Structures are given as structure tokens and as C-alpha cells.
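What follows is the residue order along each chain.
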Amino acid sequence: MFRRSRAGLALFLFFAALSCGRPGADLVMINGGVFTVENDQPWAQALVIDGNTITAVLDDDSDAEKYIGPNTRVVDLEGRLAVPGFIDAHIHFAGFAAQQHDIMLMNVDDDEGLVEELGRVVPLVGEGEWITGGDWSGAIQWLAGTGELSGEVVPDRWEPDRFAIDEITAQNPCFLNSYDGDLYLANTAALEAAGLLASDLEGMELRDGVPTGLIRRGSPAIARIREVVKPKSEERVLNEYRAGLRAMAEMGIVEIHDMIRDFGQVERFVRLQETGELTARVWVRPWLDLQEEMFQRGLTMGVHPETKERDYYLRYGGFKSANDGFLGSRGAMLFEPYNDRPDYMGHYQEYNSDSDVPGSLIGNPEVFYNFCEAAVEHGFSVDSHAIGDRGVSEVIDVLERIQEDLDADLSMFRIIHAEIVQPREFERMKALNLIAETNPSQIADDMRWLIHRLGPEREKLAFPFRTFIDDGIVMNFGSDAPGNAGAIFFSHPKYVLNAAVHRTNNEGEPEGGWTPHHKISVEEAIRAFTLNGAYACMREDSIRGSLKAGKLADITVIDRNIVEHPDQLLDLEIDMTIVDGKIVYER
């Protein structure tokens, strides 16, 4: 890739300065490798940005001179790679944002680690705020490769007490828990708030007749403490959102496709947009049970929560459903039993069952059909969590009926995860123009234990990225961050891209990749992480998602050319993130 020398760049800028009589563009990026994700001009050397729009994509730096004026900022890429901004098409942002400030104890199983993590969190949350959760030791069994949290007592299990943390948490009541919910830890402030400092209720550990703060499952003390736990202040939650957005910008993420359970989440995005702090585009997906309220508010896909006008920065997307469970917990629905549990084939979720039992074994496709019918009639798509092969198939069954009965265009409908897909389903997905919304970075976790769930033959079907592309199915990428009590799902593009391209974990193992027949190229992975994410938002690929004159300026600058050097994916760093023409992060 061409790189201009520093002397040559200085000469270029000198001559460009001679033309300073004209206003010039706002931003000119030169001397780089520009991967546009456009078929007719895949590579360029320079970009010109005015306001929030790309006005020129240039093959030669010399062509950029006429765009440089006295107020133009010129960025020398020095051979670095500019790509369209990354779109995380599947994130639970409230959880991800909270993770930036909440206590995270999944890898902690000693006092030293607990104190260290509290030392990070206490200054972030504010005096008087409760610190709860943590899931201590949550990764121990999961990281051992079982793919589950069994809840079995570990020999010599760590049992912390309040005296190790009281000094650092004097102004913050703490009520922490182990990953399996068997153990809880309350500091002195929490015990005082619940009136338990001198109590000896069943399940409370005592030392010399004094509560240590360790409480065992089933103790009435747990309910007593939960009664006095104060919810997070609104300012604390907003600070979490700010931290989450900063993290997104630092990772080169220009847009998130979020799932919401309540409208308070949306109101926070609106508030941050009003103050200029919303540094990523947001496509908001309400869960299906919010349908009626969405309809009553007169909201539809693509509109801003407040103005109800079409918006390309903050807007509502399709509804989110969950149709089966997860492979790790054996909830994903399979046509054949789990390899390590021959009596079980997964379960239905609330959106495709009329049972009152969570995770029912009895489904009713009419429940999901009715949800989809109402969505289509009000201008929405439905994005359906389906992981197991039977889960995927039964979603397609219903959507085929919806298309036929309503003459519906389903090209904005997504099947989320689609981890195990039988060969016969690809043609059906393509016929309906469904989008496959996949989560590559989960490969790093699932590859270790999936063979135990599925056996060697079905394992070969997992995460079928190559087939999606070869069969002409639009595939986009999301992280599914923040993860669960056993596994953290990684948002950083280097992990998402590496998993898709090399099929290895975050350490580059196994050599040659897991199920390597599903590998895709770096170029294909970048497209799935950019242009295809824009397409999935009511075909906004026509105005963004690639680097083309006339499109919105969402750009990520990477410190190295990963297209030419795919072996360096795990080493990449993000140097700059531009959203809507504004630099929101610069390393």
C-alpha cells in the first residue's frame, strides 16, 4: 500500500496551503489505505468530509489538494487503514454500560482480587450508592470447558467476609453474590441498613458470635437485605451510559443495535443526544411484550422516540423475540436430543408458547404468528432469537406463513444467533430474504464445549458463516455483550473479526481454527460488520455503511492494514472513530 514520506507530505501540505483562499472541507484524510467496501472502488487513498457527509473518495493524495482550506483539518493516516465504522448489530447496552462501573467478580476467588475490584468501582459509583451482584468465581467452571455453571460446591471454596472490604466500602453498602447464588456477602453498611448487624438468623455465618457478612442460600437475611437495597440513582445510570459510549468509541463502534425492556432506556439515549453526548448511532429494538405500548404511542420503525420523524441517528428498530434458549444451558431447541443429555431437546420461550411455565417444553406457533402479524400490520419487523436447528426451523415455518398470508416483505426480519442450522434451511432463509444476525466472538467460548452438547457431526454445523455468504444470505455481526454469569462476550472488533476469519479464540487457538470450513475472508467480515449492519436498518446501506461520496461519514481508523495482514487481527488497535462527521475518539 502506498505511503507518502514525511518530506513528501510536508511538500503536499505546502502547496495545498497556497490555495487557502477557498473555504475547503472540514476534514481531509490522506496517505492511507482506505478500504471502502464498495465493489466499484474497493480501495482508495484519501477521504474528504464536509459536515456529516463524505464528499470525495480519492485514489491519489494529489486530488485532495483542492479540498484543503485554512480551516481544514488534515489527517495523515501514515499508511493506516480506514474502513467504514463498525456496527455492533446485537448488544444489550444497558448491561454493557453497567459493566463499565458495576463490580465484576467472575474471575475473582480471593480477598486480594475482591479488594482490587472494589477499589476500581467505589470511586465510580458515588457515595451512598449500593454495590450489588458480582457473580464471584463465575468463570471457574465455565473456563474449565464445561459450558455450564453446575452449582456444585468446589472443595476449599473461597468464603469472603466483610472485614476484608469494610474499610474501602465504608460509604457504600455492598451485597455481593457468588455465581451460583449459593453465597452472599454483605458489608457492615449493608448489615446496618437491614438491621442485621447483631443478628444470627439461619444461614448467617458467625465468628465469635458476630456476623461475618457471609450468608448462605435460603437465609431469611437475604430477603431482609433486598428489602433495603436502593436502586441506582438516575445520574449513576447516565454515567454508566456515558462510560459505555466511551468504550464503544474506543473500539471503533459507530452504531449499536440495542434491545430494551423499558422506555427509560430510550429516554436516556434521548437525553444524551440532547446534550451532545450520544457518540454512536442507536437502533432501538423493543422486546415483543412492549408491542401494544409502542402501537399506542404511535411509534414505528425508523422514527425518533421524541419527534416521531424518520431519523438516522436515534430511532426505533424491529421487535426482539426469544424463541428458544441457549446451548450452554441446553435450552436451544434441537431436532435430536443433546449429546450429553439424551432425554432433552431444549425448550420454548414465552413468545412461542402459551404455557405459564418459563422455558416450557410445550410450544404454540400461533403465539409467535400473532406477534409477527401485529408487527407487520404496524410497520415493524421481528428479530427472532433462535439458536438450535429446531428453533431456527420453527421460526422460518411461521415466517413463511406470514409472508404468504399477508404478502409481507420480510427482508428486514432477522434470525438472531442462528448457531446450528440444518442444510435445508439456508434455501428457505434466502427465499424469505431473512438476515442472519450472528455473534462471532462467542466462538471463543462455545468451541471448548460444543462437542459435548452436540457430538462431532452436529458440531460441524455451528456458526455457518461461510454458507450464509455462499448462499447469498445477508449476514451482520454483533457482540451480544455483556455476556452472562459464565462468559464475557467480547465487543472489540479484533475479537469479532478474528473469530469470523480464523475461527480461533482470543489467544489464537486452536492452530488452523475450529471447524475451519466455515471461515470467511477479512473483506467479507468487514462487510458483515459495516455495510450489512446498515442494510439491516431499513436498507440504510444506501446512505451509510461504506465509504462513498454522498454517504454519511462514519469511519474507523485501524493502526494497521488487516486486509493485507489478516494474521495481525488480534493485534489491531483503533486509532480514530468518526461518527456523523465528528471525531468521537482519537488515540
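Procedures and definitions
Residues numbered from 1 in each chain as written. Predicted model: local features only at pLDDT ≥ 70, side-chain atom pairs only at ≥ 80, totals over all residues. Heavy atoms only, no water. Pairing = 2+ DSSP bridges. Helix = DSSP H or I, 4+ residues; strand = E, 2+ residues; numbered from the N terminus. Axes fitted to C-alpha atoms, helices over the stretch in contact; angles between N-to-C directions. Contact = heavy atoms within 4.5 Å. 1 Å grid on protein atoms, 1.4 Å probe; cavity = no way out; pocket = protein on both sides within 12 Å on 5 of 7 lines; lining within 4 Å. Points joined across faces, edges and corners; volume = space filled by probe spheres on them. Nonpolar A, V, L, I, M, F, W, Y, C, P; charged D, E, K, R; others polar. Phe/Tyr/Trp six-rings, centres within 6.5 Å; stacked < 30°, edge-to-face > 60°. Buried < 20%, exposed > 50% of the residue type's maximum accessible area, 1.4 Å probe, protein only.

As for the sheet that holds strand 8 (residues 86-91)
Spatially, the four strands line up as an open sheet ordered 8-14-15-16, and their pairing is parallel. Pairing within the sheet leaves two strands with one partner each, and these edge strands are strand 8 and strand 16 (314-316). With strand direction ignored, the average angle separating the axes of adjacent strands in the sheet is 15 degrees. Here strand 14 (residues 253-260) runs beside strand 15 (residues 281-286); their pairing, made up of six bridges, is parallel. Bridging from a neighbouring strand, M259 pairs with R285 of strand 15. Along the sheet, helix 8 (residues 263-274) contacts strand 14, strand 15 and strand 16; its crossing angle with strand 14, the most-contacted strand, is approximately 150 degrees.

Topic: empty space enclosed by the protein
Scanning the model with the defined rule gives one cavity of 30 Å³ or more in all. Put simply, the largest cavity is a space of about 40 Å³. P84, G85, I87, V254, R544, G545, S546 and D554 are the residues that line the largest cavity. Considering only residue class, the lining of the largest cavity consists of three nonpolar, three polar and two charged.

Description of the packing of aromatic side chains
Applying the stated criterion to the full structure yields 18 aromatic pairs. On the basis of an interplanar angle of 85 degrees and a centroid distance of 5.2 Å, the ring pair of F93 and Y241 is categorised as edge-to-face. Taken together, the residues span a long stretch of sequence, with F93 in helix 2 (residues 93-101) and Y241 in helix 7 (residues 234-250) at a distance of 148 residues. By relative accessible area, F93 is classed as buried at 0%. On the numbers, 5.4 Å between centres and 65 degrees between planes, the contact of F426 with F468 is edge-to-face. Remark: F468 occurs in helix 15 (residues 465-470) and F426 occurs in helix 12 (residues 423-432); sequence separation between them is 42 residues. By the burial criterion, F426 is buried, and F468 matches it. Ring pairs connect the aromatic residues F86, F463, F465, F477, W514 and F529, which therefore count as one cluster.

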